[in-house]
Amino acid sequence: MRHVPLFVSLLAFLAACGDDSGPDQAAAMEAPAAGPNVPWPPYVILGRRADPEDITWTLDPKGSAVTPERFEEAVRTALASWQQTGCVRFRQVEDAQEADVVFSWHGENHRECAFLSWDGGVAHSAARGDRAFVHFRTNVDWDGAPPDGCSLDVAALHEIGHVLGLGHSPRRDALMYGGYDRSHDRLQEPDLQALHTLYGGGGDGPNDLHVVTFDTEGRPTAASAPLRGVAPSFVQVATAETDSQPGAEVLLWRRDRHIGPLFGFRFLPGLQVEKSIGPVPGITRPDRATLLGHDHNARPWMVHVNNASRWVAVGFDEKGLPTDRFAGSRLELDHGLVDQDGDGLIDSPGPHRTVLPDGREVWARADVDGDGKADVLAASAAPDPQDPRDFQWLFTRGHPEPSIGGAIFRACAVAVADLDGDGRIEGVATGWDGK
């Protein structure tokens, strides 16, 4: 069983300042365009804190490049900004040995962060065991005028985001953007989406991915905080057990770009997000249907099928990241499609989903009611792939084939698997109305 990490081990993050993000600072803060031109994914999650409601902190002003009062003001203001989200709460302590986070000062090179392969930027965050620290450089012109001066407030705000488990966002408007400057002085939508995905809260949005469990009638119920903002219309969703840990991962990829990235999530027991996967660039192609499949050893593969039913596939390493090309004789794709003879062609060209006699498509096969037999998740056709459709689990209930219909629910897309390794089937759904 996977444990809950208190923090991300030995990770450090570059903190740019002044004009380091580029000459066009105004453009860096423009909201991204809607639709497929928006940078995706909106955020990266590196880990979660075990107790976000009681994060203790302290200051070590030794060697400070600013007055102790200015140092404390910057840290307190930054902590308050994150606490105002309602997701986390901080408590100051005097003893550094009792603190979850210590804010302090260091020169350009220091033994505690010798693992860094670079100079650590103007500030950086990392962890030693179960305690995190944030270091600010002493040889920096803090609060001076650009281009040489750096903002202590912005650096503190950004680094606390890392302490909470957020990585760098590809969105240039995000506080957690890797090349931040003085204009990145407040939490933006991608930062809040990441925080709410980790710790709950926030309002539902059209691009949320809902995590659900199913009762014995196949009725979905919300099981944890939604994965906020990760599933716009140009994204495809699937599930697969890609690594050596128990439980499947949720995988997402763009359907609208060549060499699109692969992104995903891993879960802890209780269906809390452990961390995100990727983004790994150069994985997907819009001119091919991308599906998940497995070989005769049940090893998962990401399969790309062209209009002539020829396929290529990429496997996953022990960390769940795409790795080597397929090298086997038999491949079975999700939804029942198969290359039985291993000639690189799907044996029965046609729709990439099996169609039932009543015209509905098979979206998944899994034992939802716990009788040891695979049930079928069927869905009605929709004029557009992003339109809502009716989903229904079909159960055997003593019959040779799944045919007894369960509860009907509406969603745009559904993927199912045992996400947290507890032996029960869960799912993720886009466009689900909660009913």
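Residues numbered from 1 in each chain as written. Predicted model: local features only at pLDDT ≥ 70, side-chain atom pairs only at ≥ 80, totals over all residues. Heavy atoms only, no water.

A. Layout of the nonpolar core. Counting residues in hydrophobic clusters, the biggest one holds 65 residues, and the most contacted among them are W82, F103, F136, W142, L252 and F265. When residues in this core are grouped by element, the largest group, seven residues, is from helix α3 (residues 152-163). Counting residues in hydrophobic clusters, the runner-up holds 17 residues, among them V212, V368, W393 and A411. (Core = buried A, V, L, I, M, F, W, Y, C linked by side-chain atoms within 4.5 Å. Buried < 20%, exposed > 50% of the residue type's maximum accessible area, 1.4 Å probe, protein only. Helix = DSSP H or I, 4+ residues; strand = E, 2+ residues; numbered from the N terminus.)

B. How the structure looks around the sheet that holds strand β23 (residues 426-430). The four strands lie next to each other as β7-β6-β23-β22, forming an open sheet whose pairing is antiparallel. Looking at strand neighbours, the two that pair on one side only are β7 (220-222) and β22 (413-417), the edges of this open sheet. Adjacent strand axes in the sheet meet at a mean angle of 35 degrees, parallel and antiparallel pairs treated alike. Pairing geometry for strand β6 (residues 209-214) and β23, over five bridges, is antiparallel. Paired with H210 across the strands is A429, a residue of β23. (Pairing = 2+ DSSP bridges. Axes fitted to C-alpha atoms, helices over the stretch in contact; angles between N-to-C directions.)

C. Just the sheet that holds strand β21 (residues 404-411), in detail. Read across the sheet, four strands follow the order β18-β19-β20-β21 without closing on themselves; strand pairing throughout is antiparallel. The open sheet has two edge strands, β18 (361-366) and β21, and neither has a second partner. Going from strand to strand, the sheet's axes swing by 25 degrees on average, the running direction of each strand aside. In the sheet, β18 pairs with strand β19 (residues 375-379) via five bridges, with the strands oriented antiparallel.

D. Broad picture of the packing of aromatic side chains. Inspection of every chain in the model, using the stated rule, returns twelve aromatic pairs. Pairing W40 with F263 gives two aromatic rings, centres 5.8 Å apart and planes at 80 degrees, and the pair type is edge-to-face. Linking W40 in the loop between α1 (25-28) and β1 (55-59) with F263 in strand β10 (residues 260-267), this pair joins segments that are 223 residues apart in sequence. Of the two residues, W40 and F263, neither departs from the other in class, the shared state being buried. Seen in terms of ring centroids, W57 and F103 are 6.2 Å apart; in terms of plane orientation they differ by 80 degrees. Their pairing is edge-to-face. Remark: F103 occurs in strand β3 (residues 101-106) and W57 occurs in strand β1; sequence separation between them is 46 residues. You'll find W57 and F103 in the same group, each marked buried. (Phe/Tyr/Trp six-rings, centres within 6.5 Å; stacked < 30°, edge-to-face > 60°.)

E. Examining the pattern of salt bridges more closely. For the structure shown, the criterion picks out 20 salt bridges. R219 is paired through a salt bridge with D215; the nearest N and O atoms lie 2.8 Å apart. A relative accessible area of 41% means that R219 is categorised as partly exposed. Between E332 and R330 there is a salt bridge; the shortest N-O distance is 3.6 Å. Here R330 falls in the partly exposed class, since its relative accessible area comes to 24%. Bridged by salt links that share partners, the residues R70, E73, D143 and D153 form one connected network. (Salt bridge = Lys/Arg side-chain N within 4 Å of Asp/Glu carboxyl O.)

Any functional reading would require information beyond the geometric quantities listed.
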